[in-house]
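Structural overview
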Amino acid sequence: MDTKKLEVKKRIMFIKNEDYYFLLYNILICLKFFQCFNEKKVFHDARKLSSIIYFMSSYEYTNIFCRSLKARKISNYEKSILTDVYSKSKIIINDVYKILFTLSKRNDLCLVKGKNNNLDIYIKENKILDDFFETSLFDEELSNLVLIKQSMNRFRTLKYETYIDKVFKSNGVGLWDV
Amino acid sequence: MGRLAIRKLIYNGKKYYYESPYLNDGLNIIVGDNGTGKSTFTNLIYFGLGGNVDSFNKNRSTDKHAEICEDVDNFLRLEIEINDKSYILLRYFYENEITVISEDGSSKNYKIFRRDYNEIFSDWILNELGIEVVELFQGNYNWKINFTDLFRLIYHDQSADPSNIYKKLDTNHFMSDSKMMRKAIFEILLGKSFTQYYKVLLDLKRKEKEKELKKEILKSFKEIKKTLNNSEEINLVYLEKELQNKEIQLNRLLQYREKLKTTNNTPAKTIKNIEKEKLEYLRLELKLSELKEREREVYKELQQLKKFKENSELEIRQIQKIIYTHQKLNIFSPDICPYCLNQVERQKNRCVCGSEINEDDYERFFYSTKDYIEILKSRQKSLESIDFAINDCEDEYLNIKKNIDQMQSELDKIQKNIIELSTDINEQYSFNRIRQIDDKILILKQEIQNIKQEISLEKRRDQLEKELQTLNNEYEKLRIEKKELEIQSQKEMLNIRTIFSEYYQKYMIDVLKSCRVASINDDYMPVINNGIYHEKSALVPIRLMYFLTLLKLSVEENVNYPKFLLIDTPQTAGIDDENLIKAISKIDDIFDIFNCSEKNKIDDNCSFQIILTTAKDKYPINYEKFVIENLTENNKLLKLK
């Protein structure tokens, strides 16, 4: 194919929400924020990552996340956003696993087998990752994570099912399993 | 055409004095060794004709001519002939003036440096020689070619580097030397239609400036008009029609008012008026609700656009983070084995595992930094368009709000009118109605005023547009004229170049043994043997023959060159005596100097003059009869009084 056409095709086909590097940096920032640096402080059940990525990358979505945990009823618009996030998280879950797998092969990250055959993870501190974190670019995501943690204290250790319940099911979002 | 000849020069100061012998037609030789005053002789002639000689300026710090600079009250008297008319030129040192004394005894002073003076010396002498003054433009400056500029191809001065051919520009010349100026000098001296061409060129430049100025005026006029009344562009015809309508309305109202004043009021009439007002109120109310509906729509659109912009900005930030991550952690690539993470030599159209894949699909997850940057750029560009859309939307929103306010105030006014009218019911004269009509008349009159003002602005703008159109047409005409003249001049100069080259080549072959072909190129500079390198000693004959050819052409053809040549010490380091003398002896081959007897004015063949200075024994022996002055250590040029 023409290089020009290929370039245009690539440009059109770019989907930010499914781009590997987008997922990658959000995963890393999330793990760093919850200080998952060793076995004692693992991040329980990597499946949670697939949806938290979307909540942490937009301030609007972070707000919706926080509101979803309050007792009051949420608006239709917010419910549609939650549904959207849930579907997206189902789409990318395999990509998240691929990324975690690659990282673990590179020795940046450690996979631990947790209860009920779930995947627990923690990142190893090394020079490359330290260099990567050395920037103010991700301040936006970090401040969003602060709000997320305030709303959901035990996010790191929470069971996946409980998490889904609290955020999605209790607000009437339709769930499905692959 | 014109002909210049120097007959005598006299230098007179408090300390020194010199009077030259009579200078004949044909060849005149001044012989002298170095330091005896040869160059002083030719420089004095140049000085007398209005030129600037640095070494004559006592205020300089270096290279001063000792005798002249220490002298005071010194002046030069040059007796010249132009076209057989005698003149005496008087120039005092350190004065910006030359006095010209004509045959009949009348004298006139001319300034040398042009500032704001009408006719300077250069203008006078060029006029006498029949050469039109040509104005060149260079960048922002216009420069009138003057006599000393043309003299650069008449005065073959002593120069260490003869390859430039032309005499160097005077140091007090404020223009810098340029190819264009040198070409113009050649063309004016040897061409015929050139002055016309340069004149048209100048006119063209001037007209272009006029045109641009008028365009600017029109542009700023349009802008001012826009700020005064920011309504859309309405043309003259429509404005006049509106004016007519409004004036008709005004007349109607005035008549109605008269009627009201004179006839008696009845309750029925007032009630009728109230009904009219009520109808108007309803009409406007309907319009208002439509406007409010539109306002809501536009507001919604504006909110959507702003949200969209926010999302786009967020996405741009995220793409920047992606680029950062990609650069810091270059993890995903089609050429890395996902198991051992080693670089793999992957075959085209095959995955790392070996199975067949479509290379283009494979590319899906593997964007390079360049790809990401392209995506970022396109997002940023669309952000700009979004901004435009938001601005437009905001403008529309403000506009609608303004209209709503206007309409609301109109509605309020009608309400007030109705209330006022109801008090008229019992009155004999419908006072309030009359007052309301008066208000309407006032508003209408104001509107008519505004329209009249707009009409006059429109008319002015029309006028400016027409003037611009005329200027454009004139510019086009000049451009075509310039093109025609250009072609004509180019043909003419090609012709001149051919003739020049013919003579020049003949002379060069005789004088330079290594020369086979010689010509001048389109910059009028000599080209020997098609540009192949020639030795330094060849520079002397190359330059000398060039000047001799110029003189020859002036004698044979009808050109502006004034049949005069001033040559100062053609010898430079590098040429040996034999070749120098050979070059100089070409003069009698070209010109019939031996048959020019003294003071011979009748014979046309001698209608030219060469003044040549050279060192002792550095000239052909048979030229001895042309030597008019012999300068030695004991007999220097300037004599003590």
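This write-up is about the structure you can find in this document.

About the criteria used
- Residues numbered from 1 in each chain as written.
- Chains lettered and ligands numbered in written order.
- Predicted model: local features only at pLDDT ≥ 70, side-chain atom pairs only at ≥ 80, totals over all residues.
- Heavy atoms only, no water.
- Helix = DSSP H or I, 4+ residues; strand = E, 2+ residues; numbered from the N terminus.
- Buried < 20%, exposed > 50% of the residue type's maximum accessible area, 1.4 Å probe, protein only.
- Contact = heavy atoms within 4.5 Å.
- Areas by Shrake-Rupley, 256 points an atom, 1.4 Å probe, with all protein chains shown as cover.
- Pairing = 2+ DSSP bridges.
- Salt bridge = Lys/Arg side-chain N within 4 Å of Asp/Glu carboxyl O.
- Phe/Tyr/Trp six-rings, centres within 6.5 Å; stacked < 30°, edge-to-face > 60°.
- Lys NZ or Arg CZ within 6 Å of the ring centre and 35° of its normal.
- Polar contact = N/O pair within 3.5 Å; in protein donor to acceptor, adjacent residues only side chain to side chain.
- Nonpolar A, V, L, I, M, F, W, Y, C, P; charged D, E, K, R; others polar.
- Axes fitted to C-alpha atoms, helices over the stretch in contact; angles between N-to-C directions.
- Patch = residues over 30% accessible without salt bridge, like charges linked within 9 Å, V, L, I, M, F, W, Y side chains within 5 Å.
- Lys, Arg positive; Asp, Glu negative; His and termini not counted.
- Charge placed at Lys NZ, Arg CZ, Asp CG, Glu CD.
- Core = buried A, V, L, I, M, F, W, Y, C linked by side-chain atoms within 4.5 Å.

1. Details of the overall build of chain B
- Within chain B one finds 14 helices and 16 strands.
- Residues classed as buried in chain B amount to 45% of the 641 residues present.
- A fraction of 71% describes how many contacts in chain B between residues 6 or more apart in sequence connect residues 24 or more apart.
- In the structure as shown, chain B presents an accessible area of about 35200 Å², 49% of it carried by carbon and sulfur atoms.

2. Some points on the overall build of chain A
- Counting secondary structure elements, chain A contains 8 helices and 2 strands.
- Counting from the amino terminus, chain A carries its helices and strands in the arrangement α-α-α-α-α-β-β-α-α-α.
- The 178 residues of chain A split such that 49% are buried.
- Summing over all exposed atoms, chain A offers an accessible surface of approximately 9200 Å²; the carbon and sulfur share of this is 50%.

3. Describing the pairing of strand E3 (residues 26-32) of chain B
Residue and element names in this part refer to chain B.
- Most of E3 sits out of view: 7 of its 7 residues are buried.
- Pairing geometry for E3 and strand E14 (residues 609-614), over 6 bridges, is parallel. Residue pairing for E14: Gly26 is matched across the bridge by Gln609.

4. Regarding the pattern of salt bridges
- This model, assessed by the stated rule, comprises 50 salt bridges over all chains.
- With a shortest N-O distance of 3.0 Å, Arg294 of chain B and Glu297 of chain B are connected by a salt bridge. Pair noted here: Arg294 of chain B and Glu297 of chain B are both in helix H8 (residues 267-328), with a separation of 3 residues, about one helical turn.
- Accessibility expressed as a relative area gives 31% for Arg294 of chain B, which makes it partly exposed.
- Looking at Glu297 of chain B, the relative accessible area reads 42%, which means it is partly exposed.
- One continuous salt-bridge network, built from bridges that share partners, spans Glu140 and Glu141 of chain A together with Arg317 and Lys321 of chain B.

5. Description of the packing of aromatic side chains
- Going through the model one piece at a time under the given rule, you end up with 50 aromatic pairs over all chains.
- With a centroid separation of 5.9 Å and 50° between ring planes, the pair formed by Phe56 of chain B and Phe93 of chain B is classed as tilted. Note that Phe56 of chain B is positioned in the loop between helix H1 (38-48) and helix H2 (66-70) and Phe93 of chain B in the loop between strand E5 (85-92) and strand E6 (97-101), a separation of 37 residues in sequence.
- Relative accessible area serves as the criterion here: at 2%, Phe56 of chain B is assigned to the buried category.
- Site record: aromatic cluster; members linked through ring pairs are Phe33, Phe34, Phe43, Phe55, Phe65, Tyr86, Phe155, Tyr163, Phe168 and Trp176 of chain A.
- If you follow Lys10 of chain A out to its NZ or CZ, it ends over the ring of Tyr367 of chain B, 5.7 Å from the centre.

6. A short note on the interface of chain B and chain A
- Each side of the interface is counted separately: chain B has 33 residues, and chain A has 36 residues.
- In this assembly, chain B and chain A are joined by 6 salt bridges.
- Asp371 of chain B is the salt-bridge partner of Lys10 of chain A, the closest N and O atoms lying 2.7 Å from each other.
- Seen at the junction of chain B and chain A, the total is 14 residue pairs in polar contact (both at pLDDT 80 or more).
- Contributing elements (two or more residues each) for the side of chain B that touches chain A: H8, helix H9 (359-362) and helix H10 (369-424) of chain B.
- Broken down by element, the side of chain B that touches chain A gets its largest block of residues, 12 residues, from H8 of chain B.
- The class makeup of the residues in the side of chain B that touches chain A is 15 nonpolar, 5 polar and 13 charged.

7. Structural notes on the sheet that holds strand E15 (residues 627-631) of chain B
All names here are of chain B.
- Strand order in this open sheet of 5 strands is E10-E13-E14-E3-E15, and the pairing throughout is parallel. In this open sheet, the two edge strands, each paired with only one partner strand, are strand E10 (155-156) and E15.
- Running at roughly 145° to strand E13 (residues 564-568), H1 makes contact with E3, E10, E13, E14 and E15 of the sheet.

8. With respect to the side chain of Thr102 of chain A
- Take Thr102 of chain A: it is sitting in helix H5 (residues 76-105).
- Among the polar contacts made by the side chain of Thr102 of chain A, one reaches the main-chain carbonyl oxygen of Lys98 of chain A at a distance of 2.7 Å.

9. Details of the environment of Gly48 of chain B
Residues and elements named next belong to chain B.
- With respect to the helices and strands, Gly48 occurs in helix H1.
- For Gly48, a relative accessible area of 3% translates into the label buried.
- Separated by 41 residues in the primary sequence, Gly48 and Leu89 place their C-alpha atoms 6.9 Å from one another.
- Once residues lying within four places of it in the same chain are set aside, the contact partners of Gly48 are Leu76, Leu78, Leu89 and Ile98.

10. Some details on the sheet that holds strand E7 (residues 107-111) of chain B
Residue and element names in this part refer to chain B.
- The sheet built from 7 strands is open, its strands ordered E7-E6-E5-E4-E1-E2-E16 with antiparallel pairing. The open sheet has two edge strands with one neighbour each: E7 and strand E16 (639-640).
- Direction of pairing for E6 relative to E7: antiparallel, over a ladder of 5 bridges. By the bridge assignment for E7, Glu97 is matched with Lys111.

11. Here we look at a positive patch on the surface
All names here are of chain B.
- Together, Lys259, Lys269, Lys272 and Lys276 make up a positively charged patch on the protein surface.
- The greatest single-element share of the positive patch, amounting to 3 residues, is contributed by H8.
- A residue is classified by how much of its surface remains accessible, and Lys269, at 40% relative accessible area, is partly exposed.

12. Brief notes about the pairing of E14 of chain B
Residues and elements named next belong to chain B.
- Buried residues dominate E14, accounting for 6 of its 6 residues.
- Side chains of E14 alternate between two faces, with Gln609, Ile611 and Thr613 and Ile610, Leu612 and Thr614 buried alike.
- Pairing geometry for E13 and E14, over 5 bridges, is parallel. The partner of Asp568 across the bridge, within E14, is Thr613.

13. Concerning the environment of Lys127 of chain A
Residue and element names in this part refer to chain A.
- On the secondary structure map, Lys127 appears in helix H6 (residues 127-133).
- Lys127 gets classed as exposed once you look at its relative accessible area, which sits at 73%.
- For Lys127 and Asp108, which are 19 residues apart along the polypeptide, the C-alpha to C-alpha distance reads 9.8 Å.

14. Here's the deal with the nonpolar core
- Counting 121 residues, the largest nonpolar core has Leu49, Leu153, Phe186, Tyr546 and Ile610 of chain B as the members making the most contacts within it.
- Sort the elements by how many residues they give to this core and helix H11 (residues 431-511) of chain B lands first, with 12 residues.
- Among all residues touching Tyr546 of chain B, those that are not within four sequence positions of it are Leu153, Ile165, Phe186, Phe500, Tyr504, Ile520, Tyr524, Pro526 and Pro541 of chain B.
- Membership of the second largest hydrophobic core comes to 89 residues, among which are Ile53 and Ile164 of chain A together with Ile323 and Phe366 of chain B.

Remember, this is a structural readout, not a statement about activity or role.
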